[in-house]
Amino acid sequence: MQDLKAKAGVVIDNYQKELHKLGDEIWQNPELCYEEHSAHRLLTAFLEEKGFSVERAYTGLSTAFRATFGSGKPNVCVICEYDALPGIGHACGHNLIAEAGVAAGLGLKAALESIGEGAGRVTVLGTPAEEGGGGKVALIENGAFEDVDVAMMVHPCPYNIVIQKTASYAGYSATYLGKASHAAAFPWEGINALDAAVMAYNSVSVLRQQMKPTWRVHCVILEGGVKPNIIPERSVVSYFVRAPTSSERNTLAERVKACFEAAATATGCKVELKEVGYAYDDLFPNESLAKLYAKNLEGLGADFSYTGDPTGASTDMGNVSYAVPSIHPMFKIGSGEEMNHSRDFTAVANTPQAHAQSILYAKAMAHTGIDLLVGEGTLEAVKKAFEQQN
């Protein structure tokens, strides 16, 4: 087994310059969810050139892909993300996630070539639209994980942690409809939709006193009128609700909806509330798989913590973790002072240190995959832990 891991590491190192170039090109061309056409072309062409069988626009999602090598079982899946954030680019480092996923895939392919035909498969799965679009949830619904035995991905952040649970998430929109009127001459004839949006926003702020410390609600007003001398007849609020579990999230969502409905009543507006996109489950890392990964990180000389405090952030990898045994380790880039979804994080997501970290954590994924391919009883232990989890 150690020979296979050594070979996987050498292959990843040999491709390191090309892998860094992949991550750099994705960083240089940030694309929003479900618009990642350049990244999709880049990654699929690279994997095809390296000997993978590539399916583009996988399961009907135009920027998803599946690249496979090998045959038989188990099917070890490593996941790529590559969408960016509006206005601030790759401020969550998804360029590095793509780089690491491809690197791990190359390492596992090399191991499978040494083991021989029928020893198993590696799948590099390209999952678009993590930033609110729920690409992985759509792929689950489309059957993309039905033949997958385990799924792994790594994610950059300000620290190194193998197990960190994430929050359950749902997004909503509230559209208020009022009545336009001259704001100076005939204000009494108007019904102010902006007032409703502001009142709802403030009501949520008041609600925070009764919210658990692990609950999160955040809002932005997307529309609030067109001109100061016209009473706004329409406003739109986008808001996210998060909690440690889906059941707690639903409880909180009902409290928040009441705030928005009360604002409509108080101002005389009509309100339309909609859930937007897919809800994300909380992330439930597989303990057995995580221990394997941690042991491989140790073998590579990495400095990390095994567990960390739960985060209020969310990921559609949470949904995957309830579909198949999964892990989602976090790796540090920058000084530890640059936080995700900031311009500072964007800047450190394309540095030599960040690329080196993505390669290190990719090697640990490849080595963990090798454990699953050839380790006696290893896959069975992972699946048993998954059954107990569910």
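Refer to the preceding data block for the structure.
Treat the numbers as computed from the prediction; the structure is a model and nothing was measured.

A. Layout of the sheet that holds strand 13 (residues 326-327). Here 6 strands make up an open sheet; going across it, the order is 1-2-4-3-5-13 and the pairing mixed. Each having just a single partner strand, strand 1 (53-56) and strand 13 make up the two edges of the open sheet.

B. Local environment of the side chain of Lys363. Along the polypeptide, Lys363 turns up in helix 11 (residues 352-374). Overall, Lys363 belongs to the buried group, its relative accessible area being 14%. Setting aside anything within four residues of it in sequence, one finds Lys363 in contact with Gly9, Ile12, Asp13 and Leu300.

C. Representation of the sheet that holds strand 10 (residues 234-243) within the structure. If you trace the 4 strands from one edge of the open sheet to the other, you get 9-10-8-11, paired in antiparallel fashion. The open sheet has two edge strands with one neighbour each: strand 9 (216-223) and strand 11 (270-280). For this sheet the average axis-to-axis angle between neighbouring strands, irrespective of direction, equals 20°. For strand 9 and strand 10, the ladder comprises 7 bridges, and the chain directions are antiparallel. When the sheet's bridge partners are listed, Arg216 is paired in strand 10 with Arg242. On top of the sheet, helix 6 (residues 193-207) reaches strand 8 (168-177), strand 9 and strand 10; it is set at about 15° to strand 10, its chief contact. Packed on one face of the sheet, helix 7 (residues 246-267) meets strand 8, strand 9, strand 10 and strand 11 and runs near 155° to strand 10.

D. View of the side chain of Gln164. Mapped onto the elements of the fold, Gln164 is located in the loop between strand 7 (161-163) and strand 8. On the basis of relative accessible area, Gln164 is assigned to the buried category, the value being 5%. A polar contact is formed between the side chain of Gln164 and the side chain of Tyr159, at a distance of 3.0 Å. Reaching out from Gln164, the side chain makes a polar contact with the backbone oxygen of Asp309 at a distance of 2.9 Å. Those residues in contact with Gln164 that lie beyond four places of it in its chain are Tyr159, Leu283, Asp309, Pro310, Thr311 and Met330.

E. Broad picture of the pattern of salt bridges. Scanning all chains against the criterion turns up 18 salt bridges. For Glu223, the salt bridge identified is with Arg234, shortest N-O distance 2.8 Å. Taken as a pair, Glu223 in strand 9 and Arg234 in strand 10 lie far apart in primary sequence, 11 residues in all. Classification of Arg234 as partly exposed rests on a relative accessible area of 36%. Where Lys274 meets Glu272, a salt bridge forms, and the shortest distance between an N and an O atom there is 3.6 Å. When its relative accessible area of 43% is taken as the criterion, Glu272 is described as partly exposed. Through salt bridges with shared partners, a single ionic network connects Glu55, Arg66, Arg121 and Asp147.

Conventions we followed
Residues numbered from 1 in each chain as written. Predicted model: local features only at pLDDT ≥ 70, side-chain atom pairs only at ≥ 80, totals over all residues. Heavy atoms only, no water. Pairing = 2+ DSSP bridges. Helix = DSSP H or I, 4+ residues; strand = E, 2+ residues; numbered from the N terminus. Buried < 20%, exposed > 50% of the residue type's maximum accessible area, 1.4 Å probe, protein only. Contact = heavy atoms within 4.5 Å. Axes fitted to C-alpha atoms, helices over the stretch in contact; angles between N-to-C directions. Polar contact = N/O pair within 3.5 Å; in protein donor to acceptor, adjacent residues only side chain to side chain. Salt bridge = Lys/Arg side-chain N within 4 Å of Asp/Glu carboxyl O.

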